[in-house]
Amino acid sequence: MDKLKVMTIFGTRPEAIKMAPLVKELESRPEIESCCCVTAQHRQMLDTVLDIFKLEPQFDLDVMEDRQTLSTITSKCLLGLEKVFQQVRPDLVLVHGDTSTTFAGALAAFYQQIAVGHVEAGLRTWDRYSPFPEEMNRSMVGRLAELHFCPTQANRRNLEAEGVTKGLFVTGNTVIDALRTTVREDFTFAQDGLNTLDYDGKRVILVTCHRRENYGRPMEDIMSALAHIARTHPSAELIYPVHLSPVVQECARRHLDGIGNVRLIAPLDVEEMHNLMARSYLVMTDSGGLQEEAPALGKPVLVLRRETERPEAVQAGTVELAGVEYERIVELADELLADPDAYAKMARAINPYGDGGACRRIADGILYHFGRRAAPPEEFESC
Ligand code: UD1
Ligand code: UDP
């Protein structure tokens, strides 16, 4: 029997981190011919992930330009992928999550009548403008895809509520698979300042912020709140690897440059990021991926957004939705820095997002769907 041709498509940092272990898993399966195409919607932030996981994509569309609009990214990806699909004719295209690359990848495959599998399917806030444009991207991919690899049972229920009843698999999130390969007690950081930092004496607050719906007033408020927290808690050390978006760079530097206990640094590579998170006291972020990783490492998270599509850790009590208003962000950070009981309640390691077996289940699910395996994979149950 011919091998199944499976093509993975990704373009941004988080997609690459979450698809890398899956590419490795697909490459290890004798029934599958794995092929990888990056759009390079991100360039530098993608390339560091490719280096760390030693991935060498067969196709690279190299679409990134500074401050691109959503329409430009989507149309460049659509046109580029059309050519790639005509050349390769995969049996299945796998896209991940909710970026412009994800939507364009699914749509381009659909136009060629190629089956689409959606990894990290079924996350919803039910607000079409928040996160923007991600909520609509993932909803549209939910319509285009034939296979839906849901991280959690709640994600599966979201799709069922939209009438999706076939091709559903609950697998856990592949980011937890990635996390198992990156965090090490004896890890050495490239920047010596991160090796010599007193992680027991100082309370390290790891910060990231980049979402488009936070541009403008919300991001201004978030940055002012961070500045206030740093100034009023000299024992804290804020470490903020700033996203390369010029909008974010400008805002972060205007509010936080020159404050003694704030370190604005370049984006970290994924191993550095995971190991820094493992040593931190608290995470403050609007990132999706960090909301999944920090609970697995037992780190409390204040989410700098109005909503989240990842309610599991909020329900478990280790993640709190802080919102985007100055007063509330300051109040919650103050509490976690001053009240050991409040901190202890949130600092518990939980794994609602995965057990490290997501990639195996996804590969098994693909083989089952194409009749190359008798039974579907067992479902991931939150642990
Ligand atoms: C994108 C995704 C978002 C995801 C985020 C992860 C969309 C619509 N948004 O948002 O869902 O959470 O990636 O980080 O797909 N830049 C560089 N170098 C890089 C990466 C970005 O210079 O390696 C700069 C460029 O000027 C680029 C800008 O950042 O135009 C914004 O990048 P873009 O991919 O448009 O959006 P993100 O905000 O990164
Ligand atoms: N990350 C990283 N270096 C950084 C910041 C984030 O490697 O400087 C990782 C992080 O650990 C997570 C992913 O990038 O795995 C999240 O990406 P991002 O926050 O850009 O996007 P989102 O998850 O919000 O879509």
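Structure shown above.
Each value, and the rule that gives it
Residues numbered from 1 in each chain as written. Chains lettered and ligands numbered in written order. Predicted model: local features only at pLDDT ≥ 70, side-chain atom pairs only at ≥ 80, totals over all residues. Heavy atoms only, no water. Near = heavy atom within 4 Å. Polar contact = N/O pair within 3.5 Å; in protein donor to acceptor, adjacent residues only side chain to side chain. Areas by Shrake-Rupley, 256 points an atom, 1.4 Å probe, with all protein chains shown as cover. Helix = DSSP H or I, 4+ residues; strand = E, 2+ residues; numbered from the N terminus. Nonpolar A, V, L, I, M, F, W, Y, C, P; charged D, E, K, R; others polar. Phe/Tyr/Trp six-rings, centres within 6.5 Å; stacked < 30°, edge-to-face > 60°. Buried < 20%, exposed > 50% of the residue type's maximum accessible area, 1.4 Å probe, protein only. Lys NZ or Arg CZ within 6 Å of the ring centre and 35° of its normal. Contact = heavy atoms within 4.5 Å. Pairing = 2+ DSSP bridges. Axes fitted to C-alpha atoms, helices over the stretch in contact; angles between N-to-C directions. Expected span 1.5 Å × (residues − 1).

(A) Just the site of ligand 1, in detail. The full set close to ligand 1 counts 26 residues, and H42, Q44, D66, E134 and R212 are the nearest of them. In this structure, R211 approaches ligand 1 through a side-chain N or O atom, which is 3.4 Å from an oxygen atom. Measuring from an oxygen atom of ligand 1, one finds a side-chain N or O atom of H243 at 3.0 Å. For ligand 1, the accessible surface in isolation is 750 Å², of which the surrounding protein chains cover 95%. Contributions of two or more residues to the shell around ligand 1 are made by α2 (44–52) and α3 (70–88). Looking at the shell around ligand 1 residue by residue, the class counts come to nine nonpolar, 10 polar and seven charged.

(B) Representation of the packing of aromatic side chains within the structure. Scanning all chains against the criterion turns up five aromatic pairs. Ring centres of Y129 and F132 lie 6.1 Å apart, and the angle between their planes is 35°; this geometry places the pair in the tilted category. By relative accessible area, Y129 is classed as exposed at 57%. A relative accessible area of 32% means that F132 is categorised as partly exposed. The interplanar angle of 10° and the centroid separation of 4.0 Å between the aromatic rings of Y281 and Y343 together place this pair among those described as stacked. On the criterion of sequence distance, the pair formed by Y281 in the loop between α11 (270–279) and β11 (282–285) and Y343 in helix α15 (residues 340–346) is long-range, its members being 62 residues apart. The exposure classification of Y281 matches that of Y343, with both residues buried. We note R203 situated over the ring of Y281; from NZ or CZ to the ring centre the distance is 5.4 Å.

(C) Looking closely at the site of ligand 2. Taken together, the neighbourhood of ligand 2 is formed by 17 residues, with L268, S287, G288, G289 and E293 sitting nearest. A distance of 2.8 Å separates an oxygen atom of ligand 2 from a polar backbone atom of G288. At a separation of 2.5 Å, an oxygen atom of ligand 2 approaches a polar side-chain atom of E293. Within the complex, the protein chains bury 94% of what would otherwise be the 530 Å² of accessible surface of ligand 2. Among the elements of the structure, α1 (13–27), α11 and α12 (288–296) are those that each provide at least two residues to the shell around ligand 2. Ranked by residue count, the leading element in the shell around ligand 2 is α12, at four residues.

(D) A look at the side chain of E213. Locating E213 in the fold gives a position in the loop between β8 (203–208) and α9 (217–232). Classification of E213 by relative accessible area gives buried; the value is 17%. A polar contact is formed between the side chain of E213 and the backbone nitrogen of F132, at a distance of 3.2 Å. What E213 contacts, discounting residues up to four positions off in sequence, is Y129, S130, P131, F132, E134, P218, R305 and E307.

(E) The arrangement of the sheet that holds strand β6 (residues 147–150) in detail. The seven strands lie next to each other as β3-β2-β1-β4-β5-β6-β7, forming an open sheet whose pairing is parallel. The sheet is open, and its two borders are formed by β3 (59–60) and β7 (168–170), each paired with just one other strand. Across three bridges, the pairing between strand β1 (residues 4–10) and strand β4 (residues 92–96) is parallel. Bridging from a neighbouring strand, V6 pairs with L92 of β4. Most of the contacts of helix α5 (residues 134–144) go to strand β5 (residues 115–119), to which it runs at about 140°, and overall it touches β4, β5 and β6.

(F) A look at helix α16 (residues 358–369). Taking 1.5 Å per residue as the helical rise, α16 with its 12 residues ought to reach 16 Å, and the 16 Å between its terminal C-alpha atoms agrees with that figure. Within the sequence span of α16, burial applies to A358, C359, R361, I362, A363, D364, G365, I366 and L367. Phi turns positive one or two residues past the end of α16, at G371, with a value near 75°.

(G) Highlighting unusual backbone geometry. Note the cis peptide between S130 and P131, where omega equals -5°. For P131, the location among the structural elements is in the loop between β5 and α5. A cis amide bond links F132 with the next residue in sequence, P133, at an omega value of 0°. Following the sequence through the fold, P133 ends up in the loop between β5 and α5. Although it is not a glycine, R89 adopts a positive phi angle of roughly 45°. Topologically, R89 is positioned in the loop between α3 and β4. A relative accessible area of 41% places R89 in the partly exposed class. Within the chain, E120 stands out as a residue other than glycine whose phi angle is a positive 65°.

(H) Examining the sheet that holds β8 more closely. The six strands lie next to each other as β10-β9-β8-β11-β12-β13, forming an open sheet whose pairing is parallel. Only two strands of the sheet have a single neighbouring strand rather than two, namely β10 (262–265) and β13 (319–321). If you compare each strand with its neighbour and ignore which way they point, the axes differ by 20° on average. Examined bridge by bridge, strand β9 (residues 236–241) and β10 share four bridges and lie parallel to one another. Bridge pairing in β10 places P241 opposite I265.

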